[in-house]
Each structure stands twice: as structure tokens, then as C-alpha cells.
Amino acid sequence: MRLKLSYQEHPKHSELVSCVTWGSSSELYSVGDDHLILKWDFKSGETTQVAPLQKGTYVTHIDWLPAQAAGGGRKQSSRPEIFVLTCTDGRFLLVSSLGRVEKAVEAHKGAVLGALWSHDGTALLTNGEDGAVKIWSRSGMLRTSLAQSASPVYSTSWSPDSDQVLYTNGKSLVIRPLQPAAKPTHWKAHDGVILVADWSTANNTIVSGGEDRKYKLWDCYGRCLYSSLLHDSPIASLSWSPDGELFSVGAFNTLRLCDKSGWSHCLEKPSTGTIGALTWSSDGTQFACACSNGQTLLAQVVNRHLEWHNLEAVVGEDSIIRVKDVLTDAEERLELHDRIVKVSLGWGHLVAITPLQGFIYNSRNWTTPVTFDLKTTTVSLLLLTDRHFLVADNVSGLLVYSYEGRLVSTVKYPRGSVASLSVLTVSISVDTIAIRDKKEEKVVHLFDVASGKELREGKPLCHKVEIVSLSLSQSGPGSQRQLAFLDQNHDLFLTLVRETTPTQTYQTVSLGGMVGSIAWNDSTNMLAAVTDGRLAVWYHPLVAFTNKDLLPQTLVRQEDSNFKKSAQLVQFVGNCCVLRRDDGALITTSVSPFPAILHQYAASSKWDAATKLCRFVKDPALWACLAGMATNARDLNTAEVAYAAVNEIDKVHYIAEIKALPSAECRNAELALFSHRPQHAEAIYLQAGMVYKAIQLNTDLFNWERALQLALKHKTHVDTVLAFREKHLTELGSKETLAKFIECQGKVKIDWDTIRSKIENEENRGLQ
Amino acid sequence: MAVPAQPLPGYFYDELSKIRVLEPDTAQTTDELREECKDFVDRIGEFQSLVGSFIGMVDGLAQEVEKEKMKAIGARNLLKSIARERDSQKQQLQALLIEKKMELERLRVQYESLKQVEQDQQEITEDFGLK
């Protein structure tokens, strides 16, 4: 990834540019010490003077009221747009887009150093040389004086949910909740005075920089995630990109583009003096810098690199995408004639989004793309699957398109909260979309792709702990669609989202702890994860729902992997896993190709071939996978062989017994029991009319109340249940405590002889 | 006509028989003095013009020297600033170099990992051949 810098031949400002901001319709506003507000239109390359400021007014900061708040949806679009200017004389000015000063407010003693609108635009946060941090209403009325410190506060930032505030205090960073009673978090962050800090809304990470010439990354608890090398000069400006993937750093004659994990993508040394302010455009493709020599520098992010199987795509300068097929060495040049906002490559397709239009290219035919129209210029998310792709924008919400450019569905998700979605919190598969709730981070909403409606009548998946990232399995039938998610404690969980017989709540299974990141394979249901600095691959995670004991055996850990702790999984395509180390290096590791082949055999029920493959490879993990697959597919012969191969003698016996059962229903029910799903087994029995079997199942599991309930409902074997319960109690030497049983006591006569004969009768019936 | 020896006391005749108030000797010396004075004034004048032109020349020279001096100082400063510029340029290049080195290291690690993958895959295909 590179930066393409564009300078003006002659600086438009005669003195230093103090601040820049992007307006609502992607034009740039800059203010300089020459008392000018300039408006830049980069399409036509023109600059216009908005308004001259009074002599003696030196501006320190500018911030545009967030567009969605200013418009308030579409209803109040006639409302004039405003921005805030802070001045060295202690005032801040609310200025309309035409340059008229609407209001001037005396805010601080000494200079006001910064002012930021909250993300919803309802509040304004100011900080000044007097060490005060204040919050104002939109009309400029003082709401609260949040903090008062001894030294000037150089920088502030809102938390992603706008209910906390980050500010700098000398060498420390402070997070201050807005509720007056809550305690602030306070930590020493740098060895010098901190000049800038920014909190990303997309990934909840804080970046700070100061006079110790370093920039550092923090999580919201104040733990240091990354500390940079020493620079030549103090860090003067920092800014997160809107999607939270990148941030840019400015200093004297220095401009740096960094990845969200801290390592630097590229370094530029423009001779522009100190870069005092940086702001990203809302689409995240470029940012503007305010330079001390009067230049307003525009930096575009170019040369994004994408890979998928044998295809490589590079998004170059001037809206050109170069696609290379590595196998044939054929190269294609795709020209788009407009700024490329988002690009995604996968499943044989390349989707590129420009303002107001999307282009879909097929890898078999690069020359004629399918186009579709968009309602907005900024798309926050673009995710591809095998058949569809998902586009998220603030105006029209979440849209699912097919590769023919047809709109498949609109996901019924609140439009306003689309902007905060990221790759970590949204996942799409062929039939399902999973989205973590914006406010309740423990909740995941699951939607059907075809209809856009929420699954299970809008009952979301609720977890006990905040969920950090989630991912849906990409292949296999819908009934096997699994959602893997990581919570804040780094525990990995798995759940089936589209079971054929849905239960009340989503059934989740824990796969283990200390997991850093996860990725599903693109073509088979294999799950890869980084745990403890090593790569772990579950060859067949579905086994967690059928036979949990097999799960550890299907897990393979790469022992020789040499990546450090915080490596991130980038993709898991074919039998190659791509990881990004914390220094930015990409590491490819290969995974055994056999599980994928085994998955294919199992999907097409070629059990003989699957067994043969396992015998050939002689890998216990593969046998364990086969055991799980065969049990799931109810192929008992293969399952028996596979269990024997992994030395699970008890299972072999069990399966042999199941095989000997006369009726298909019995076998299915027993298999369900074998897979630890007694409810499922009971349902099968009841459906087949084998009430006694269902009762017996419950008595065997000491599930007395349910057994009695069934017996009473079907008016059969009530005495049997009571007899077994009595026997059980006498063996334990305790008394009856269950109300229902006490009620029934004495009403039914218990005679073991009749019960035994009845049972015999039932069993004979079953054999016929 | 004969020259009277002494026409009147206090009056004298000269050779051209004109009547004079001064004694002829004195008159002659006075005359000589006047001549000499005139000569002196002329020479002084000449000297002044000479000195004047000399001063002019020296002034010009001084100006020239001053100019050269300023030039020298400027050149010296320029030299110093070039050295400084070099330094900062060197620093910038070094920063870029470190950046490139880090990128190279990243690519090296990636290359190593890809080589490992290739080796793994070769092993698998060889296994196939043996069995």
C-alpha cells in the first residue's frame, strides 16, 4: 500500500494552514493563519474562498457537524450545515457552510485547542489551554464542565458509543465517562507531553502521539498494543481512517500510513514543514494534511493488494485495477473512470464500488462488467460470498446483491447503525447474515439472505460475554451453517444457526480459550484459529454438535509455526492459511489437503472412497473426522470402522448395538442419543408413536418429571414410571420431593409383575 | 629723457620709467612671490584633484571589497546550510531506508513461508508417488 501525494504548485494559503476538514459532500475546507477559509473541490481542481475572518482571529481547529446529524435523516435536509471553529482568543465560532458566523461563544481562558462533535452530532466537546474539558449543546450552551487539569489539554476524542471521552493530560491519557459518578481511567502513556490522541469508532482502539517522538496504540483499558520506533520530530497529528483499518501519522516533513496493528505501510518525506492536522475523507480512500508552509496536501491510498486463489488484484492510481492470473500469467487492466471506494475479490468475482455505482467483474470475462447503482457515495462495507455480496451504506442500509447485479434482499437492520459495522462484526454466508448488535455487544442478530428477515422470529443469539468477532461457515448445506464467534475473554464458541428442528435458544459449544482470530475455509467447513501463537485447524468442527469427545482429535495444531502472539488470520483459502504477523509480514502456511477431499467425499456420500482415503493417509485426525461425518450422515458401517481406527472401543460397541436394532426410527433415535441429543431422540420416538421408548429414555436419564408428564399425557405406563422412581429413591435412601409424584402416589397401584410383563410386551412389539 | 634718480621721497621709477610706490627690488620679489604663490595654488589644486580621484578609487575598492566580503559570507553560510540540508536529507533517506528494510524483512518472511509451503506440497506429491 502506498500514498500518492498531490501538492499545489503555489500554496494557496500565504501562511501556515492550521486545520482542515471534509464537508458533507466530499469537499475540503481549510483554514490558515492568513485569516482565510478556503473550500477545495478536487474534481474540478478549484478553490474558492468561503469567507475572510476578522483580523486577529487565529483558528486552531475546525470540525464539521456530522452529515447524518445535520440532515437528521432526510426530513430536515433543508437545515443549513454548520461547522465549528476554535480560536486562540478563547472563543469558538459556529459557522454556516456559507461562512456566516452564527454564534460566537466564550469557552475557555486562553486558547481553545480543539472542538469535536459527538458522532451523532448532538454535543460538542472542547478543550483548552486552561486545562478544562467542556461539553456544549449543539446550539452552544454549556452542558457540563467535564474535567479541569493543571496543564493544557491538547487533544480529545469521543468513544465509539459517545458516552466516554478521551483527553490528554500532560504525559497521561484519561478516559472519562460522561456519568458524573463513574470513575475515570487514567494512565501514563508517553515519556513526553502527549499532543494528539484519536479513538477509532470502528475498532475501539486508541492511538496517541507526543513529544517523545513516538506513537502508541492502546485498547480501551489502557493496555499498550504497539509502540513505534523513535521518529526525528514530535508527532504532530494522527487520524484513524473511518473503517478502522489504517491510521495516518504526521510530523515535521514526515507522513506515515500505518496498519491498525501499528506497523507502517509506507513513509513519505514531503518538504512541507510540520503537518499539523490530518483528516480522512468519509470514504476512507484519501486524507488531507494541513502543512506549515501553506500547502494543503492531499494523500490518496493506492496500491491496495488483494488475493484469492490464483487471482491477484492491485488497485493502482487513476482508478485502474490490475488483475493477474498467476496460473496463466494473463494480466487485465480494468479502468473505472472514477474514484474507487471499495474493492473486494473472491469466489471468482471482483466487485468495485465507485461513488454512486458498483461494478461486478467475473473472472471468466473481465471485459464487460455488470453495473448497479448506489444511492450514496460512501459504502462502509463490502463482503462477498459464493453467490451474493453484501453492500452496507448509511442511506440504504444493508443490501444483498447477486453477481448478476440484481438486488436480492434488503436486510431489516436499523439504517443508522450501519456505519459502525466492520468486517469483524458482520459475516455473510450463502444463506445467512450474522451481525453483532451495535449497543448490546453480547447479542448477535441472524438474518436470512433470501428474505432479509431475522431468523427464528427475531430472537437473537445472546451470549454471556461481549462478542469481539464472528464468522459464518461458507460451505455445506444450510442445516450445517455454523457461526463461530470470539468473546472478550478470547474464548471461541460455535453454534448451529439453521437447525432443521430449531430449539428455543441457540445451542453454543465452546471450542477453547486463548484464541486470537478465526477464519473459515472458503470451500469446506474447516475452521482455523490462532491460539497461543500457534495455528490451530479444526478439520470438522461440526463434530462438536454430534460427538463432542471427537473434537480434540479433529484439532490439529501447527507446531513449527514461528509467528508471534498477535498474528491475525487474513484468509483460509483452499489448503493455505494466510496470517499477518504483528510486524506486518504475511505468512502462508499449508494445511493438509486431505480433510478437504474427505469433506467432498462425505458431501457426495462416497463412504468407501472416504474410508480408503483415511487408510491411505493414516492420520487419526482424519479418521476422527470420518467418524463424525459418518455418524452425522447415519452411515453406521463407516462410522464403526472409523471409531475402531481412533480406538474408541465403547463407541464401536454402541454402534454395533444400534446397527442391530430392527426399525429405522429406533436406529435414528439411538443415534441421536449417541450424539448427546436426548431431546431429539425423544422427538423421534414420539413421532414414530413409540411412547414407551420415549418414557424409558427419560427414566434412564433420571428425567423423572418429563417421563411422568409423557406417561400421563399418553395415559400409558404411569405405573412403570412410578415404580422406577420408587426403586430409584429407595436405592438412594431419600424421600419423594417432586410435587407431581407425590400427587400420583397412591392413585396408581404398583405391581412389578404387571409392569415387567408390560415392558416385555413393548419390547416384543419393537422387535416385530 | 633722463631718469630722475629720486623724483620724490617714497616714489621710485622703474626701468620703464614708470613711477612706483615700492622699491623695485621689493616689487620684483613681490612679483616673484606672487608667481610662486600662483604656482603653489595650481599645484595644490592638482594635488587635490589627484587625492580626490585617489579617494574615489579607494572608495570604489572598499565597496568592491565589501561586496566580495558579503559574497564570501553568503557562500560560507550557503555551504553551512548545504551541509545541514545534506544532513537532513541524509536523515530522511535513512528513515526511508529503515522503512524499506522493514518491508524487505516482511517480504523475506513471506518468501520463506511460501517456500515452506512449496516444500510441504512437494512432500505430499512425492508421498503419492511412493505409495
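Residues numbered from 1 in each chain as written. Chains lettered and ligands numbered in written order. Predicted model: local features only at pLDDT ≥ 70, side-chain atom pairs only at ≥ 80, totals over all residues. Heavy atoms only, no water.

Under an unreviewed UniProt entry, the name given to chain B is Intraflagellar transport protein 20 homolog, and the source organism is Geodia barretti. Under Subcellular location (unreviewed entry), UniProt gives the following word-for-word description of chain B: "Cell projection, Cilium". (UniProt positions renumbered as here; feature names shortened; annotations may be inferred.)

Looking at an unreviewed UniProt entry, one finds chain A named Intraflagellar transport protein 80 homolog and attributed to Geodia barretti. For chain A, the Subcellular location (unreviewed entry) comment in UniProt is given as "Cell projection, Cilium".

Enquirer: How would you summarise the sheet that holds strand 3 (residues 28–32) of chain A if you had to cite specific residues and measurements?
Expert: What holds strands together in a sheet is hydrogen bonding between their backbones, with the strands either parallel or antiparallel. All names here are of chain A. Across the sheet, which stays open at both edges, the four strands sit in the order 2-3-4-5 with antiparallel pairing between neighbours. A strand with exactly one partner marks an edge of an open sheet, and here the two such strands are strand 2 (17–22) and strand 5 (46–52). Going across the sheet, the axis of each strand differs from the next one's by a mean of 25°, ignoring polarity. Where strand 2 lies against strand 3, five bridges are found, and the strand directions are antiparallel. Looking at the pairing, C19 lines up with V31 of strand 3. (Pairing = 2+ DSSP bridges. Helix = DSSP H or I, 4+ residues; strand = E, 2+ residues; numbered from the N terminus. Axes fitted to C-alpha atoms, helices over the stretch in contact; angles between N-to-C directions.)

Enquirer: How would you summarise the environment of V748 of chain A if you had to cite specific residues and measurements?
Expert: All names here are of chain A. Note on placement: V748 falls in the loop between helix 14 (739–744) and helix 15 (752–767). Expressed as a C-alpha distance, the spacing of V748 and T377, which sit 371 residues apart in the sequence, is 76 Å. Once residues lying within four places of it in the same chain are set aside, the contact partners of V748 are V718, D719 and L722. (Contact = heavy atoms within 4.5 Å.)

Enquirer: I'd like a rundown of the confidence of the model for chain A, residues and numbers included.
Expert: Averaged over every residue, the pLDDT of chain A is 86; the share at 70 or more is 96%. Low confidence marks residues 69–78 of chain A, where pLDDT is under 50. Its contacts with residues over four positions away, or in another chain, come to twelve contacts. (pLDDT = per-residue confidence, 0-100.)

Enquirer: Describe empty space enclosed by the protein, listing the residues and the values that go with them.
Expert: Taken as a whole and assessed by the stated rule, the structure comprises one cavity of 30 Å³ or more. For the largest cavity, the calculated volume is near 60 Å³. (1 Å grid on protein atoms, 1.4 Å probe; cavity = no way out; pocket = protein on both sides within 12 Å on 5 of 7 lines; lining within 4 Å. Points joined across faces, edges and corners; volume = space filled by probe spheres on them.)

Enquirer: Describe the packing of helix 6 (residues 620–632) of chain A against helix 7 (residues 636–645) of chain A, and please don't skip the residues or the numbers.
Expert: Residue and element names in this part refer to chain A. The N-to-C vectors of helix 6 and helix 7 enclose an angle of 150°; their axes lie 8 Å apart at closest approach. In terms of orientation, helix 6 lies roughly antiparallel with respect to helix 7. Here helix 6 runs over helix 7; the crossing is left-handed. Residues W623, L626, A627, A630 and T631 of helix 6 lie in contact with helix 7, whose contacting residues are T638, A639, V641, A642, Y643 and A645. Among the residues forming the contact of helix 6 with helix 7, the class breakdown is nine nonpolar, two polar and no charged. (Parallel < 35°, antiparallel > 145°, perpendicular 65-115°, else oblique. Left-handed = near helix turned anticlockwise from the far one by under 90°. Nonpolar A, V, L, I, M, F, W, Y, C, P; charged D, E, K, R; others polar.)

Enquirer: Go over the nonpolar core with me, naming the residues and quoting the values.
Expert: Residue and element names in this part refer to chain A. Residues L492, L598 and Y643 are the most contacted members of the largest nonpolar core, which totals 60 residues. No other element matches helix 6, which puts nine residues into this core. Counting 31 residues, the second largest nonpolar core, distinct from the first, contains V315, V323, I340 and F389. (Core = buried A, V, L, I, M, F, W, Y, C linked by side-chain atoms within 4.5 Å. Buried < 20%, exposed > 50% of the residue type's maximum accessible area, 1.4 Å probe, protein only.)

Enquirer: So what's going on with the packing of aromatic side chains? Which residues, and what values?
Expert: Residues and elements named next belong to chain A. Inspection of every chain in the model, using the stated rule, returns 20 aromatic pairs over all chains. Following the ring pairs from residue to residue traces out a cluster consisting of Y215, Y226, W240 and F247. For R725, the ring lying beneath its charged end belongs to F741, and the centroid distance is 5.3 Å. (Phe/Tyr/Trp six-rings, centres within 6.5 Å; stacked < 30°, edge-to-face > 60°. Lys NZ or Arg CZ within 6 Å of the ring centre and 35° of its normal.)

Enquirer: Explain the sheet that holds strand 47 (residues 492–496) of chain A to me, and be specific about the residues and the numbers.
Expert: Residues and elements named next belong to chain A. Sheet architecture is open: four strands sit in the order 45-46-47-48, paired in antiparallel fashion. Across the chains shown, the open sheet's two edge strands, defined by having one partner strand only, are strand 45 (467–472) and strand 48 (508–512). Pairwise comparison of adjacent strand axes, ignoring direction, gives a mean angle of 25° for this sheet. Bridge count for strand 47 against strand 48 is four bridges, and the pairing is antiparallel. Within strand 48, the position partnered with F493 by the bridge is S510.

Enquirer: An account of helix 6 of chain A is needed here, citing residue identities and associated values.
Expert: All names here are of chain A. Over its 13 residues, helix 6 extends 18 Å from the first C-alpha to the last, a length consistent with the 18 Å expected when each residue adds 1.5 Å. Judged by how many residues are buried, helix 6 sits mostly within the fold: eleven of 13 residues are covered. Taken together, the buried positions of helix 6 are occupied by A621, L622, W623, A624, C625, L626, A627, G628, M629, A630 and T631. The backbone nitrogen of A621 has a side-chain oxygen 3.2 Å away, supplied by the residue at the start of helix 6, namely D619. R634, located one to two residues past helix 6, shows a positive phi value of around 60°. (Expected span 1.5 Å × (residues − 1). Polar contact = N/O pair within 3.5 Å; in protein donor to acceptor, adjacent residues only side chain to side chain.)

Enquirer: A description of a nonpolar patch on the surface should follow, citing residues and the corresponding values.
Expert: On the surface, a nonpolar cluster with roughly 460 Å² of combined accessible area is contributed by F47, V51, F54, I55 and V58 of chain B. As for its position among the elements, I55 of chain B is in helix 1 (residues 24–130). (Patch = residues over 30% accessible without salt bridge, like charges linked within 9 Å, V, L, I, M, F, W, Y side chains within 5 Å. Areas by Shrake-Rupley, 256 points an atom, 1.4 Å probe, with all protein chains shown as cover. Salt bridge = Lys/Arg side-chain N within 4 Å of Asp/Glu carboxyl O.)

Enquirer: Would you mind going over the interface of chain A and chain B in detail, with residue names and values included?
Expert: On the chain B side, the residues contacting the 25 residues of chain A number 20 residues. The largest share of the area that chain A buries against chain B comes from K269, T588 and F616 of chain A, three residues that together contribute 25% of it. One can count two salt bridges joining chain A with chain B. In this structure, the salt-bridge partner of E103 of chain B is R2 of chain A, at a minimum N-O distance of 3.0 Å. Going through the elements one at a time, strand 25 (264–268) and strand 55 (586–590) of chain A are the ones with two or more residues in the side of chain A that touches chain B. By residue number, the principal contributor to the side of chain A that touches chain B is strand 55 of chain A, which donates five residues. Here the side of chain A that touches chain B is composed, by residue class, of eleven nonpolar, eight polar and six charged. (Buried area = accessible area lost by both parts, 1.4 Å probe.)

Enquirer: A description of the side chain of S422 of chain A should follow, citing residues and the corresponding values.
Expert: All names here are of chain A. As for its position among the elements, S422 is in the loop between strand 40 (407–411) and strand 41 (426–428). Assessed through its relative accessible area of 11%, S422 is described here as buried. For S422, the contacting residues outside a window of four places in its chain are A202 and L381.

Enquirer: Any chance you could break down the confidence of the model for chain B for me, citing the residues and the numbers?
Expert: Averaged over chain B, the pLDDT score is 87; the fraction of residues at 70 or greater is 93%. Predicted as a complex, the structure gets a pTM of 0.81 and an ipTM equal to 0.82.

Enquirer: Give me the pattern of salt bridges: which residues, what numbers.
Expert: Residue and element names in this part refer to chain A. Counted by the stated rule, this structure contains 29 salt bridges over all chains. Between D243 and K342 there is a salt bridge, with its nearest N and O atoms 3.9 Å apart. With D243 in the loop between strand 22 (237–240) and strand 23 (246–251) and K342 in strand 33 (residues 342–346), this pair connects stretches of sequence that are 99 residues apart. Given a relative accessible area of 16%, K342 falls into the buried group. A single network of salt bridges, built from pairs that share partners, joins D549, E648 and K651.

Enquirer: Let's hear about unusual backbone geometry: which residues, and what values?
Expert: Even without a glycine there, the phi angle at H337 of chain A is positive, about 60°. Locating H337 of chain A in the fold gives a position in the loop between strand 32 (330–335) and strand 33.

Enquirer: Describe the side chain of T495 of chain A, with residues and values.
Expert: Residue and element names in this part refer to chain A. Residue placement: T495 occurs in strand 47. What makes T495 buried here is its relative accessible area of 0%. A polar atom in the side chain of T495 sits 2.9 Å from the backbone oxygen of Q507. Among residues more than four places away in sequence, those in contact with T495 are L461, R481, Q482, L483, F485, Y506, Q507, T508 and F545.

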